[in-house]
Amino acid sequence: QVQLVESGGGLVQAGGSLRLSCRDSGRTFSSYVMGWFRQAPGKERVFVAAINWSGGTTYYADSVKGRFTISRDNGKNTVYLQMNSLKPEDTAVYYCAAAQRFVMRREDYEYWGQGTQVTVSS
């Protein structure tokens, strides 16, 4: 069973950085592709980044490419999202999720965390 808990959100000024963490309390973390999604007020939840089982392959949405970095530590059952050069439009609730395949569609992710709020002030 996968149980995901995010942390690390908060309020930051534009241009600043935050690192989100998502820990799985289960025993099968390394068997899953991990992704980050975000949902701004009144908008759909959208893909941000994904990382494969070993961490050797990553994929990013164009809107965050070059500013965000996804990584994972299978020994700690944790996936990270390092967010640099943050912009007000990055303000959203950020969710981590687990999938069996290396995919970017929200519908293909089976397990979700509860989300963590990121607010970027201008």
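Definitions and limits used
- Residues numbered from 1 in each chain as written.
- Predicted model: local features only at pLDDT ≥ 70, side-chain atom pairs only at ≥ 80, totals over all residues.
- Heavy atoms only, no water.
- Helix = DSSP H or I, 4+ residues; strand = E, 2+ residues; numbered from the N terminus.
- Rg over C-alpha atoms; globule rule 2.2 N^0.38 Å.
- Buried < 20%, exposed > 50% of the residue type's maximum accessible area, 1.4 Å probe, protein only.
- Contact = heavy atoms within 4.5 Å.
- Disulfide = S-S within 2.5 Å.
- Salt bridge = Lys/Arg side-chain N within 4 Å of Asp/Glu carboxyl O.
- Phe/Tyr/Trp six-rings, centres within 6.5 Å; stacked < 30°, edge-to-face > 60°.
- Lys NZ or Arg CZ within 6 Å of the ring centre and 35° of its normal.

Engineer: Help me get a handle on the overall build of the chain, residues and values and all.
Structural biologist: Counting its regular elements, the chain contains zero helices and eleven strands. Seen in sequence order, the chain has helices and strands lined up from the N terminus as β-β-β-β-β-β-β-β-β-β-β. Over its C-alpha trace the chain gives a radius of gyration of 13 Å, about what one expects of a compact globule, namely 14 Å for 122 residues. Per-residue burial over the chain gives 45% buried out of 122 residues. Pairs at least 24 residues apart make up 58% of the contacts formed inside the chain by residues separated by at least 6 positions.

Engineer: An account of the state of the cysteines is needed here, citing residue identities and associated values.
Structural biologist: Overall, the coordinates contain one disulfide when judged by the stated rule. Shown here is the disulfide that connects cysteine 22 with cysteine 96, its sulfur atoms set 1.9 Å apart. Handedness here is read from the sign of the S-S torsion; for cysteine 22 and cysteine 96, about 50°, the answer is right-handed. Of this pair, cysteine 22 sits in strand β3 (residues 18–24) while cysteine 96 is found in strand β9 (residues 92–99), placing the two residues 74 residues apart along the sequence. Judged on exposure class, the residue cysteine 22 and its partner cysteine 96 are both buried.

Engineer: Can you tell me about the pattern of salt bridges, naming the residues and giving the values?
Structural biologist: As enumerated under the stated definition, the model contains six salt bridges in all. Residue arginine 38 is joined to aspartate 90 by a salt bridge in which the shortest nitrogen-to-oxygen separation is 2.9 Å. Of the two residues, arginine 38 sits in strand β4 (residues 33–39) while aspartate 90 sits in the loop between β8 (78–83) and β9, which places them 52 residues apart along the sequence. For the pair arginine 38 and aspartate 90, a shared accessibility class is recorded, and that class is buried. Take aspartate 90: its relative accessible area is 0%, and that puts it in the buried class. A cluster of three or more residues bridged by salt bridges with shared partners is formed by Arg38, Arg67 and Asp90.

Engineer: Let's hear about the packing of aromatic side chains: which residues, and what values?
Structural biologist: All told, the structure shown has seven aromatic pairs when counted by the stated rule. Between phenylalanine 47 and tyrosine 59, the ring centres sit 6.1 Å apart and the planes meet at 35°, which makes this aromatic pair tilted. On the criterion of sequence distance, the pair formed by phenylalanine 47 in strand β5 (residues 45–51) and tyrosine 59 in strand β6 (residues 58–60) is long-range, its members being twelve residues apart. Among the residues examined, tyrosine 59 registers a relative accessible area of 41% and is labelled partly exposed. Within the aromatic cluster, the residues linked to one another by ring pairs are Phe37, Phe47, Tyr59, Tyr95, Tyr109 and Trp112. Over the ring of tryptophan 112 we find arginine 45; its NZ or CZ atom is 4.9 Å from the centre of that ring. Across the ring face of phenylalanine 29, the terminal group of arginine 72 is positioned such that the distance to the ring centre comes to 4.5 Å.

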